[in-house]
Amino acid sequence: MAPQTKRLAALTAENARLVEDLVKKGRSVGILVILISQKTTGDAIPTFIRDVCPIGLSFAQKTVEAAVAALGEDIRNWPDASPVTLQDPAYVGVAVMAMQGRPGFTRIRTPYVSDADAARIADATSHLTADPDLCLDALLRSTGRTTTPAPSLTK
């Protein structure tokens, strides 16, 4: 394996471990970490991370398989709540939500935010962003490490 490929594989494994840790630690102190992806299959969000997320949320889906990838197999038992049924303009902003420990699924509607409001908020908060690569470098320096660790063989 080429050195660059090994480095990227190690970085990917470390990122996955850090996200899993963030989700678990967040849950323990009441902070909800929301992972967002257009494709929630196991290759986009590793299943060991998806499995520790307490809430699943899905906007409209075209297929039952996509709904299952986002919300789990149990959505097949709740066809009236399926995100596949949200294929109408009346359902813009509506999502289906699953919560651990609660049976069934709930529909929620997110509020509309105008383009002007979104631009104003983005402008007002843009100073809060940071380049993740620079943050990782700073973290590695603060711990005395210069490279990311090799991927764990236990996952």
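Right above here is the structure, for reference.
About the cut-offs
Residues numbered from 1 in each chain as written. Predicted model: local features only at pLDDT ≥ 70, side-chain atom pairs only at ≥ 80, totals over all residues. Heavy atoms only, no water. Buried < 20%, exposed > 50% of the residue type's maximum accessible area, 1.4 Å probe, protein only. Helix = DSSP H or I, 4+ residues; strand = E, 2+ residues; numbered from the N terminus. Pairing = 2+ DSSP bridges. Core = buried A, V, L, I, M, F, W, Y, C linked by side-chain atoms within 4.5 Å. Contact = heavy atoms within 4.5 Å. Polar contact = N/O pair within 3.5 Å; in protein donor to acceptor, adjacent residues only side chain to side chain.

Undergrad: Break down the pairing of strand β1 (residues 55-58) for me, with residues and values.
TA: Here β1 shows one buried face, formed by Gly56 and Ser58, and one open face, formed by Ile55 and Leu57. Looking at chain direction, β1 and strand β2 (residues 94-99) are connected through 4 bridges and run antiparallel. Residue Gly56 lies in a different strand from β2, and its bridge partner there is Ala98.

Undergrad: I'd like to hear about the nonpolar core, residue by residue, with values.
TA: In terms of nonpolar packing, the biggest core is built from 11 residues, these being Ala67, Val68, Ala70, Leu71, Ile75, Ala81, Leu86, Val94, Val96, Ala98 and Phe105. Those elements that place two or more of their residues in this core are α3 (64-71) and β2. When residues in this core are grouped by element, the largest group, 4 residues, is from α3. Discounting chain neighbours no more than four positions away, the residues touching Leu86 are Phe59, Ala60, Tyr91, Val94, Ala95, Val96 and Arg107.

Undergrad: Let's hear about the side chain of Ser58: which residues, and what values?
TA: Mapped onto the secondary structure, Ser58 falls in strand β1. Separated by 2.9 Å, the side chains of Ser58 and Gln61 make a polar contact. Residues within four places of Ser58 in sequence aside, it is in contact with Ala70, Leu71, Pro83, Ala95 and Val96.

Undergrad: Lay out the environment of Asn15 in plain terms, naming residues and giving numbers.
TA: Considering the arrangement of structural elements, one finds Asn15 in helix α1 (residues 3-28). Note on Asn15: relative accessible area 38%, which makes it partly exposed. Separated by 121 residues in the primary sequence, Asn15 and Leu136 have C-alpha atoms spaced 10.0 Å apart.

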